[in-house]
Amino acid sequence: MHYTPSYHTVCSHCKERQHEVPQILDVLDLAYCALDRTEVMDGTLNLLVCEYCGRSFRYETTVLAVDAKKRYAILVEPRHKGRSLALGANQFLHTIGAEGFQFRLVNYCVQMMEKARIFDAGLDDRVIELIKHLHWATHPLPDEDSYILFHKQYGDRLKFRVVDEHDTPVEYLWSNIAEYNRIAALPQNTLPTSGRNILWHMIDQTWAQTHCPQYKEETQ
């Protein structure tokens, strides 16, 4: 693990700047550090409590999470909002000594924690994103700021959470593992791993919106 002090922390609820200087986790070892792993799997990573309104909020910053046992790496880059960085994914993995690892780039910590839960369960995040998109298309969300996150696998069922803009769960959705297996069995060119970015692997809602029509065509 590695901590960095944050001198410009603002509450996402009341917009007040915090006087205390929190120590923010920005490099996570999910294979060998139990604390790092717990904070990611429990969803408590970089979760702070506002000195003024008392509500919890997450501090968004660049975070790198690596699991050397399960061979994946996830980079949170909120400042770039999905644009290509100077290096491609392969060069980046070489730089951090993680060549050959499965890699994903995301914009927010909550997305990184979701990816880690998906990979930890031995699931394919491309399939999960398509299932989430199908839920999104058929299940009206409470408002435009709500979104769907994978939570956990329970036997032959997959549990998803609908959360609000502050990552608070408002309801739960379920899918059967049979639906997952149907999508996972599709030809690999139906589920490209390059994501929606040539240099980086971004598998997210935009990626799912692009590939969901092709999935429906393949399964008809």
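Residues numbered from 1 in each chain as written. Predicted model: local features only at pLDDT ≥ 70, side-chain atom pairs only at ≥ 80, totals over all residues. Heavy atoms only, no water.

**Student:** What is the right way to read the overall build of the chain from this model?
**Tutor:** Looking only at helices and strands, the chain features six helices and ten strands. Relative to its full complement of 220 residues, the chain shows a buried share of 48%. Put simply, of all contacts in the chain between residues at least 6 apart along the chain, 56% involve residues at least 24 apart. Of the roughly 11300 Å² of accessible surface on the chain, a fraction of 50% belongs to carbon and sulfur atoms. (Helix = DSSP H or I, 4+ residues; strand = E, 2+ residues; numbered from the N terminus. Buried < 20%, exposed > 50% of the residue type's maximum accessible area, 1.4 Å probe, protein only. Contact = heavy atoms within 4.5 Å. Areas by Shrake-Rupley, 256 points an atom, 1.4 Å probe, with all protein chains shown as cover.)

**Student:** Mind showing me how you'd approach the pattern of salt bridges here?
**Tutor:** Side-chain pairs of opposite charge can arise where the charged atoms are in close proximity. In this structure the tally under the stated criterion is ten salt bridges. One salt bridge in this structure joins Asp 125 and Arg 104, with 2.7 Å as the shortest N-O distance. In this pair, Asp 125 sits in helix H4 (residues 125-138) while Arg 104 sits in strand S7 (residues 102-106), placing the two residues 21 residues apart along the sequence. Residue classification places Arg 104 among the buried positions, given a relative accessible area of 4%. (Salt bridge = Lys/Arg side-chain N within 4 Å of Asp/Glu carboxyl O.)

**Student:** Teacher, can you tell me more about helix H5 (residues 177-184) here?
**Tutor:** One turn of an α-helix holds 3.6 residues; hence residues three or four places apart share an orientation. Along H5, the residues classified as buried are Ile 177, Glu 179, Tyr 180 and Ile 183. The buried side chains of H5 occupy one side of the element, clustering within an arc of 155° when seen end-on. For H5, the N-terminal cap is Asn 176; the gap from its side-chain oxygen to the backbone nitrogen of Ala 178 is 2.9 Å. (Arc of directions from axis to C-beta. Polar contact = N/O pair within 3.5 Å; in protein donor to acceptor, adjacent residues only side chain to side chain.)

**Student:** Even after reading the chapter, I still don't get a negative patch on the surface, so can you show me in this structure?
**Tutor:** On the surface, Asp 143, Glu 144, Asp 145 and Glu 165 cluster together into a negatively charged patch. Its place among the elements puts Glu 144 in the loop between H4 and strand S8 (147-154). Its relative accessible area of 77% is what places Glu 144 among the exposed residues. (Patch = residues over 30% accessible without salt bridge, like charges linked within 9 Å, V, L, I, M, F, W, Y side chains within 5 Å. Lys, Arg positive; Asp, Glu negative; His and termini not counted. Charge placed at Lys NZ, Arg CZ, Asp CG, Glu CD.)

**Student:** Just checking my understanding: could you explain the sheet that holds S8 for this structure?
**Tutor:** Paired through their backbone hydrogen bonds, the strands of a sheet run either parallel or antiparallel. The three strands are arranged S8-S9-S10 in an open sheet whose pairing can be described as antiparallel. Looking along the sheet, the strands with just one partner apiece sit at the ends: S8 and strand S10 (169-176). Averaged over all pairs of adjacent strands, the angle between their axes in this sheet comes to 25°, without regard to strand direction. Together, S8, strand S9 (157-163) and S10 form the strand contacts of H5, whose direction differs from that of S10 by roughly 65°. (Pairing = 2+ DSSP bridges. Axes fitted to C-alpha atoms, helices over the stretch in contact; angles between N-to-C directions.)

**Student:** How should I be thinking about the pairing of S9 in this particular structure?
**Tutor:** Strand residues, when the strand is regular, have side chains that alternate between the two faces of the sheet. Of all seven residues in S9, six are buried; the element is thus mostly enclosed. The pairing of S8 with S9 spans seven bridges and is classified as antiparallel. The partner of Gln 153 across the bridge, within S9, is Leu 158. Between S8 and S9, which pair antiparallel one after the other, the connecting turn spans two residues, and Gly 155 there sits at a positive phi close to 60°. As judged from the seven bridges shared by S9 and S10, these two strands associate in the antiparallel manner. Counted as the bridge partner of Leu 158 is Ser 175 from S10. What sits between the antiparallel neighbours S9 and S10 is a turn of five residues, in which Asp 167 has the positive phi angle 70°.

**Student:** Looking at this structure, I do not really get a nonpolar patch on the surface. What am I missing?
**Tutor:** The grouping of Tyr 154, Tyr 172 and Trp 174 at the surface amounts to a nonpolar patch, some 300 Å² of accessible area in total. Relative to the elements of secondary structure, Tyr 172 occurs in strand S10.

**Student:** Teacher, can you tell me more about the packing of helix H1 (residues 34-42) against helix H3 (residues 109-120) here?
**Tutor:** Helices that pack against each other are described as a pair by the angle of their axes relative to one another and the distance between those axes. Contact geometry of H1 with H3 gives a least axis separation of 8 Å together with a crossing angle of 105°. Overall, the two elements H1 and H3 adopt an arrangement that is roughly perpendicular. In this structure, H1 contributes Arg 37, Glu 39, Val 40 and Met 41 to the contact, and H3 contributes Met 112, Met 113, Ala 116, Arg 117 and Asp 120. (Parallel < 35°, antiparallel > 145°, perpendicular 65-115°, else oblique.)

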